[in-house]
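Structural features, examined
Spelled out from the first residue to the last, the chains are:
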Protein chains: 2
Amino acid sequence: MRILHTADWHLGRILHGVHLTDDQAHVLEQLVALAREFRPDLVVIAGDVYDRAVPPQEAVALLDEVLTRLCGELRLPVVLTAGNHDSPERLAFGARLLAGQRLHVVGGIGPEPRPLRFEDRHGAVEVWALPFLDPLRVRHALDDEAVRDQPQALAAVLARVRAARDPARRSVLVAHAAVLGCETSESERPLAIGGAETVPASLLAGFDYVALGHLHRPQGVDGAAIRYAGSLLKYSFSEIGHEKSVTLVEMDGAGACRMEAVALAPRRDLRRIEGTLAELERGAAGDPRRDDYVVARLLDPGPVLDAMGRLRRVYPNVLHIERPILDAPAGEGLAASAPAGRLGDEALFAAFFEQVTGAPLDEAGRRLLAEVLEALERRRRGEEDAA
Amino acid sequence: MRILHTADWHLGRILHGVHLTDDQAHVLEQLVALAREFRPDLVVIAGDVYDRAVPPQEAVALLDEVLTRLCGELRLPVVLTAGNHDSPERLAFGARLLAGQRLHVVGGIGPEPRPLRFEDRHGAVEVWALPFLDPLRVRHALDDEAVRDQPQALAAVLARVRAARDPARRSVLVAHAAVLGCETSESERPLAIGGAETVPASLLAGFDYVALGHLHRPQGVDGAAIRYAGSLLKYSFSEIGHEKSVTLVEMDGAGACRMEAVALAPRRDLRRIEGTLAELERGAAGDPRRDDYVVARLLDPGPVLDAMGRLRRVYPNVLHIERPILDAPAGEGLAASAPAGRLGDEALFAAFFEQVTGAPLDEAGRRLLAEVLEALERRRRGEEDAA
């Protein structure tokens, strides 16, 4: 059985004010091409297909387009589960009709979990497709008062899955959860506020492949066929170091799996550039990917006027500027280090300058400051005379 | 060809604070039973299936349920168009896949209108299913700058439909529009704000049956097979006199249509009751439909304390109280009829009383008023002494 495993598309995502729909369409084009080439027996989208419960219209149109191509044109079975960002009810609209077109949408769960069944030349594979399991909904669906948090919800549902499954058959588990020890990113919404959230990988044992969603870095659990496909794109600055991918799984007749991550090439990468503003401006000329989404780490020691405006002229999609100099440890604040008594404007500014930059105000700086203060004073007097 | 024609379900509608989902499910149950019995070749839902662009989850779940039963269980073809209340993009999610399951959702239009084709034993019938035609969208889709209002949009699209249709085939037009001379209700959102909105029936000529949505009273155009199915329920007080229904159409091999309205029995009717509060309270005992949604027209001449609270005890779903006495023509306001100069409290109240009730304050009323004024005066003095 060949499985194309993906997750966390977050269609409708806005990153620092930028709507990412075009970027998402770009990599989904690659995903569809990959599906055409790889001819999987099954495509799994393990939750968070939308970024929010009521996604914008363009996100709805894009998902419609991609699913129509996968299920309609390529005639591939697709299993799509609701993640913690999706609305189970909205996502599941038309689910029973769409199942007739190979699109299996799983929004919520019922008291008796039931597998989907797919065939390859070795026989049938049971797919247990679980959406994100909200403890309150699971408590209600299973009528089990003991379910109080997310790990308990997953454990309770998996206990029923284990009781119901056919041990003679190969099996795939689809889940949207946080596994202990795996690496998180800033764009994942916590599954629980102030409560238990992670589950041990051992809870997921006993399936031939576990297709996970939720964590945005593509990653596996060592020594096990348990894997996060990762998100479609970098959805936060904490993901700058990631290489986003989809996972291709080849499962043999005995259930043994070979997994391969196939990288997705974004329309615009999200990356960090570093240097003084002048260096970055000079370097841009030789940068073939000036359209990328850029976080600029400005190393200028002093103040920089209109840094965003100047950077935008060379990197039109700069999203954010970091000034490490302003993040310097502020152990001793200005107030603490200032001499007792009231300082004159000049001394006060010099102390502030040294505090922020770590170096004393030099002679040229002092002259410039004197000029500015004098100009301000002249203007103030002029205004008084005019009044 | 047998057609079951319905429209304006407005799932998710809230009427005076009451969520109507259970009421809608109740009549949709009847609609499904009717479809099971009538075995139409086609079910038409002519727009405004939802009450708003982003409908509540229960509305999504109810539509999913009904469409699954019609298209899945009963295997009936369904044509569902977007009305002015629906979001074309959201409604059309999965449309191409769902078409494979007999559910034809039409959200928007393209430059070249295309018919759906259905068969009966006499041959094929072309169904031209048009959603609500927003002028801006139509101007863009047809690339026709002349389209400035809703009637022009419909005329422009119909011109292309007429050019494309096969005159040898029987045809059905589905549209969501306001036809001149038909009766409107208060729950229909205007199709245009301050602009032209109605179209003459002659614009719709030349089709064997025209299945309309938008107006909430079931009604036809005299001498023509052009008909509004009307809404599923009474969605405003102005519809109290309506009998809501679905329309069954029998089209013969020559395209001649016989139309029949089949009434829907609401879970709770919306109706107006009239009398003094005491009369209504007494009458309730013998009223077999006390659970109905009720507008109470209170005829008491004087003030009535806690009328809503008292009515709720006998009519638990009273929505609104009308006081015709307070609507009396106020041609000469109090100020105009009051004698010049300042009146004492007693004379002022008597004038007000007569103004509102049309009768002078009688002796018992004057005594009561005097007691109240005295008590108020005593309290005021007590408070002054205490201060």
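Thresholds, definitions, all that
Residues numbered from 1 in each chain as written. Chains lettered and ligands numbered in written order. Predicted model: local features only at pLDDT ≥ 70, side-chain atom pairs only at ≥ 80, totals over all residues. Heavy atoms only, no water. Helix = DSSP H or I, 4+ residues; strand = E, 2+ residues; numbered from the N terminus. Rg over C-alpha atoms; globule rule 2.2 N^0.38 Å. Buried < 20%, exposed > 50% of the residue type's maximum accessible area, 1.4 Å probe, protein only. Contact = heavy atoms within 4.5 Å. Pairing = 2+ DSSP bridges. Axes fitted to C-alpha atoms, helices over the stretch in contact; angles between N-to-C directions. Buried area = accessible area lost by both parts, 1.4 Å probe. Salt bridge = Lys/Arg side-chain N within 4 Å of Asp/Glu carboxyl O. Polar contact = N/O pair within 3.5 Å; in protein donor to acceptor, adjacent residues only side chain to side chain. Nonpolar A, V, L, I, M, F, W, Y, C, P; charged D, E, K, R; others polar. Parallel < 35°, antiparallel > 145°, perpendicular 65-115°, else oblique. Left-handed = near helix turned anticlockwise from the far one by under 90°. Domains from an automatic or database assignment. Patch = residues over 30% accessible without salt bridge, like charges linked within 9 Å, V, L, I, M, F, W, Y side chains within 5 Å. Areas by Shrake-Rupley, 256 points an atom, 1.4 Å probe, with all protein chains shown as cover. Phe/Tyr/Trp six-rings, centres within 6.5 Å; stacked < 30°, edge-to-face > 60°. Lys NZ or Arg CZ within 6 Å of the ring centre and 35° of its normal.

**A short note on the overall build of chain A**
- If you tally the helices and strands in chain A, you get eleven helices and 19 strands.
- In terms of C-alpha radius of gyration, chain A reaches 27 Å, well past the compact-globule figure of 21 Å for 387 residues.
- A principal-axis box enclosing the C-alpha atoms of chain A has dimensions of 90 × 50 × 45 Å.
- Here chain A holds 387 residues, and the buried ones make up 51% of them.
- When contacts within chain A are restricted to residue pairs at least 6 apart in sequence, long-range pairs at least 24 apart make up 68% of them.

**Side note on the pairing of strand E6 (residues 103–106) of chain A**
Residues and elements named next belong to chain A.
- Burial of E6 is two-sided: the residues Leu 103 and Val 105 facing one way and the residues His 104 and Val 106 facing the other way are all buried.
- Examined bridge by bridge, strand E5 (residues 78–81) and E6 share four bridges and lie parallel to one another. Of the residues in E6, the one forming a bridge with Val 78 is Leu 103.

**Quick look at the sheet that holds strand E18 (residues 293–298) of chain B**
Residues and elements named next belong to chain B.
- Spatially, E17-E18-E19 is the arrangement adopted by the three strands of the open sheet, whose pairing is parallel. Each having just a single partner strand, strand E17 (270–275) and strand E19 (318–322) make up the two edges of the open sheet. Across the sheet, the mean angle separating the axes of adjacent strands is 20 degrees when strand polarity is ignored.
- Relative to E19, E18 runs parallel, the two being bridged by four bridges. The residue of E19 that forms the bridge with Val 294 is Val 318.
- Sitting on the sheet, helix H7 (residues 277–284) touches E17 and E18, and the angle it makes with E17 is about 120 degrees.

**Quick notes on the interface of chain B and chain A**
- Across the boundary between the two partners, chain B contributes 26 residues, which contact 26 residues of chain A.
- In total, chain B and chain A occlude about 2,300 Å² of area from one another, counting both sides; carbon and sulfur atoms represent 61% of this.
- Here A:Asp64 ties to B:Arg96 by a salt bridge, and the two come within 3.0 Å at their closest N and O atoms.
- One can count 14 residue pairs in polar contact (both at pLDDT 80 or more) joining chain B with chain A.
- For the side of chain B that touches chain A, the secondary-structure elements that each account for two or more residues are helix H2 (57–73), helix H3 (88–91) and helix H4 (95–99) of chain B.
- Ranked by the residues each element gives to the side of chain B that touches chain A, the list is headed by H2(B), at nine residues.
- A per-class count over the side of chain B that touches chain A returns 14 nonpolar, seven polar and five charged.

**Some details on the packing of helix H7 (residues 277–284) of chain A against helix H8 (residues 307–314) of chain A**
Residue and element names in this part refer to chain A.
- Direction vectors running N to C along H7 and H8 enclose 15 degrees, while the axes themselves pass 9 Å from each other. The orientation of H7 relative to H8 falls into the category roughly parallel. The hand of the H7/H8 crossing is left-handed. The residues of H8 that touch H7, namely those facing Leu 277, Leu 280, Glu 281 and Ala 284, are Ala 307, Arg 310, Leu 311 and Val 314.
- When the residues that make up the contact of H7 with H8 are grouped by side-chain class, the tally is six nonpolar, no polar and two charged.

**Things to note about the domain arrangement of chain A**
- Along its sequence, chain A is carved into domain 1 (2–263), domain 2 (270–327) and domain 3 (339–386).
- Its C-alpha centre places domain 2 of chain A at a distance of 29 Å from the equivalent point of domain 3 of chain A.

**Looking at the sheet that holds strand E19 (residues 318–322) of chain A**
All names here are of chain A.
- Within the open sheet, the three strands sit side by side as E17-E18-E19. Their pairing is parallel. A strand with exactly one partner marks an edge of an open sheet, and here the two such strands are strand E17 (270–275) and E19. Put simply, the sheet's adjacent strands are angled 20 degrees from each other on average, direction ignored.
- Across six bridges, the pairing between E17 and strand E18 (residues 293–298) is parallel. When the sheet's bridge partners are listed, Arg 271 is paired in E18 with Val 294.
- In this fold H7 packs onto E17 and E18, with an angle of close to 120 degrees to the strand it touches most, E17.

**Looking at a nonpolar patch on the surface**
- Together, A:Leu368, A:Val372 and A:Leu376 line one region of the surface with nonpolar side chains, adding up to about 280 Å² of accessible area.
- Relative to the assigned elements, A:Leu376 resides in helix H11 (residues 363–386).

**Considerations on the side chain of B:Lys234**
Residue and element names in this part refer to chain B.
- Its place among the elements puts Lys 234 in the loop between strand E14 (226–228) and strand E15 (245–251).
- According to the relative accessible area criterion, Lys 234 is buried, its value standing at 12%.
- At a separation of 2.9 Å, a polar atom in the side chain of Lys 234 contacts the main-chain carbonyl oxygen of Ile 240.
- For Lys 234, the side chain forms a polar contact with the side chain of Asp 269, separated by 2.8 Å.

**Things to note about the pattern of salt bridges**
- One pass over the structure, following the stated rule, counts 46 salt bridges over all chains.
- Ionic pairing is found between A:Asp23 and A:Arg267, a salt bridge with its closest N-O pair at 3.3 Å. Here the residue A:Asp23 occupies a position in helix H1 (residues 21–38), and A:Arg267 occupies one in the loop between strand E16 (257–263) and E17, the gap between them amounting to 244 residues.
- Residues B:Glu374 and B:Arg378 are paired through a salt bridge, measuring 3.4 Å at the closest nitrogen-oxygen approach. Taken as a pair, B:Glu374 and B:Arg378 lie in helix H11 (residues 363–386) at a separation of four residues, close to a single helical turn.

**Quick notes on the packing of aromatic side chains**
- For the structure shown, the criterion picks out four aromatic pairs over all chains.
- These aromatic residues form a ring-pair network of at least three members: A:Phe349, A:Phe352 and A:Phe353.
- Directly above the aromatic system of B:Phe38 lies the positively charged group of B:Arg2, at a separation of 4.5 Å from the ring centroid.

**Some details on unusual backbone geometry**
All names here are of chain A.
- The phi dihedral of His 10 is positive, around 50 degrees, even though this residue is not glycine.
- Note on placement: His 10 falls in the loop between strand E1 (2–6) and strand E2 (14–15).
- A positive phi is found at His 16, a non-glycine position, where the angle reads about 45 degrees.
- With respect to the helices and strands, the residue His 16 is situated in the loop between E2 and strand E3 (18–19).

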